[in-house]
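Tertiary structure, described
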Amino acid sequence: MHMQTDICIVGDGAIGKVAALGFAQAGLKVALLRPSRGTSAQAPSDAWDVRVYAVNHTAHALLSGVKVWDALDMARVAPVDAMAVQGDGVHAGNLGFDAYGARVGALAWIVEDRNLNQALDAALKFASNVKMVEGRATAIEVNAEAAKVILANGDVLSADLLVGADGGQSWVRAQCDIGFDYRSYGQRAIVTNFACEKPHRGIAHQWFSAQEGIIALLPLPDNRVSLVWSAPDALAEELLKESMPQLAQRLAAYAQPALGALTPLQPEVAKSFPLSLIRPHAITAPRVALIGDAAHVVHPLAGHGMNLGFADVDALVRIVAERGAHRDCGDARVLARYARSRKEDILLMQLATDGLARLFGTDIEPVRMMRNLGLNLVNRLPVLKRRLIGHALGKSL
């Protein structure tokens, strides 16, 4: 088989699927390449997914534009009405944001990975311009006219533009010889869900601890919260060996005052994944554009890694759609414009998350005092606070 399309997307995650829908809505023919799907054990449909995303306003607008937001199971989506950040030590600093002060209905929305992907899969079934292709890519060939993806079975996908949406270990990026800087944070993110004794009131809580890492409890519908604990590797190993009630007991020192006792949700499960910083030296190559984790991997402390990917999609789809009739989708000028449009946003997020991870990972008392003073100072400066909120929301305030 030799398939000719406008866009070929490699990657089966939410970012690749949203990109496919966006390009199709712009009137382009899309091939979405995903690995062959085997049979795997499925979690009970009513179980709460431990992988969740804090969807900001840019992502919300994008998902609404491709008719996916309203297809979500909204009974499983929780708005974030406020955020409470606390430092560590005796004189812990505090920083708070709320939707009322930002003049928005919600700061963000907590969405499960499974809920999001189910809505995306349903939308793709009705996208006549999108062809789903299953297979394993083995090579990429690029010439002046097209980018070709060669599959293991000999099939060829040929497109004006190849989009790499295949994650932090991107095969597309490697095939294009795009180098990258990598640094491990020496941490693992522990994720799971709990029921809380007291109402969370839509507040996302985050605690910084130099010794125990960064702990976040995000609101889920009803009295439920989702844990994202960025723990040092040694501590992460301990946490993964403990029972869920033991993990809940560890969290009591942080959660008890605001949320009361935590109870593991059934079925009890905790997952983990390593944390690292990945900075590719470029997000484009001839007839190739990278989006999502293929283009950048940041620390999850701000909860905006996925939002950064959605902003990639928003920019790439818009720029390709506005390219003009005399240029094809993979035109070098189009790709250069995409790279320029994303440079500042990506750099700011990388600097912010990396800087905060380093700052709050230092267990030296003078540094601890300065960062707590910094939290308190920002909390008292409305102009700076408004700018921070606006950047997190993905909109100007």
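Turning our eyes to something else, we now look at helix H6 (residues 233–241). All of the buried residues along H6 are Leu235, Ala236 and Leu239. Looking straight down H6, one finds its buried side chains confined to an arc of 100°; they lie on one side. With respect to the buried face of H6, the exposed residues turned more than 90 degrees away are Ala234, Glu237 and Lys241.

With respect to burial, strand E11 (residues 156–164) is a largely interior element, nine of its nine residues being buried. Here strand E1 (residues 2–10) pairs with E11 via eight bridges, running parallel. Opposite histidine 2, over in E11, you have valine 156 as the bridge partner. One ladder, built from four bridges, connects strand E10 (residues 147–151) with E11; its direction is antiparallel.

Contact geometry of helix H1 (residues 14–25) with helix H4 (residues 113–125) gives a least axis separation of 10 Å together with a crossing angle of 30°. One element, H1, and the other, H4, form an angle in the roughly parallel class. Considering only the axes of H1 and H4, their crossing is left-handed. Touching Ala14, Lys17, Val18, Ala20 and Leu21 of H1 are Leu116, Asn117, Leu120, Asp121, Ala123 and Leu124, all from H4. Tallied by class, residues from the contact of H1 with H4 come to eight nonpolar, one polar and two charged.

Conventions we followed
- Numbering of residues starts from 1 in each chain and follows the order in which that chain's sequence is written.
- Per-residue local features of the predicted model are confined to residues with pLDDT of at least 70, and side-chain atom pairs are confined, for both listing and counting, to 80 or more; whole-chain, interface and lining totals are unaffected and use all residues.
- Values shown for side chains rest on all heavy atoms present in the structure; no hydrogens or waters enter the calculation.
- Classification of residues uses two cut-offs on accessible area relative to the type maximum, computed with a 1.4 Å probe and protein chains only: under 20% is buried, over 50% is exposed, and between them is partly exposed.
- Only DSSP runs of H or I with at least four residues qualify as helices, and only runs of E with at least two residues qualify as strands; both kinds are numbered from the N terminus onward.
- It is the directions from the helix axis to the C-beta atoms whose arc is reported.
- By the convention used here, strands pair only if DSSP detects at least 2 bridges between them.
- Helix axes use the C-alpha atoms of the stretch in contact, all axes being lines fitted to C-alpha atoms, and the angles between their N-to-C directions lie in the range 0 to 180 degrees.
- Any angle between 65 and 115 degrees counts as roughly perpendicular, while under 35 counts as roughly parallel, over 145 as roughly antiparallel, and the rest as oblique.
- Note: crossing handedness is left-handed where the near helix turns anticlockwise from the far helix by less than a right angle, and right-handed where it turns clockwise.
- Contacts between residues were defined by any pair of non-hydrogen atoms, one from each residue, lying within 4.5 Å.
- In this count, Pro and Cys sit with the nonpolar residues alongside Ala, Val, Leu, Ile, Met, Phe, Trp and Tyr, while Asp, Glu, Lys and Arg are called charged and the others, Gly among them, polar.

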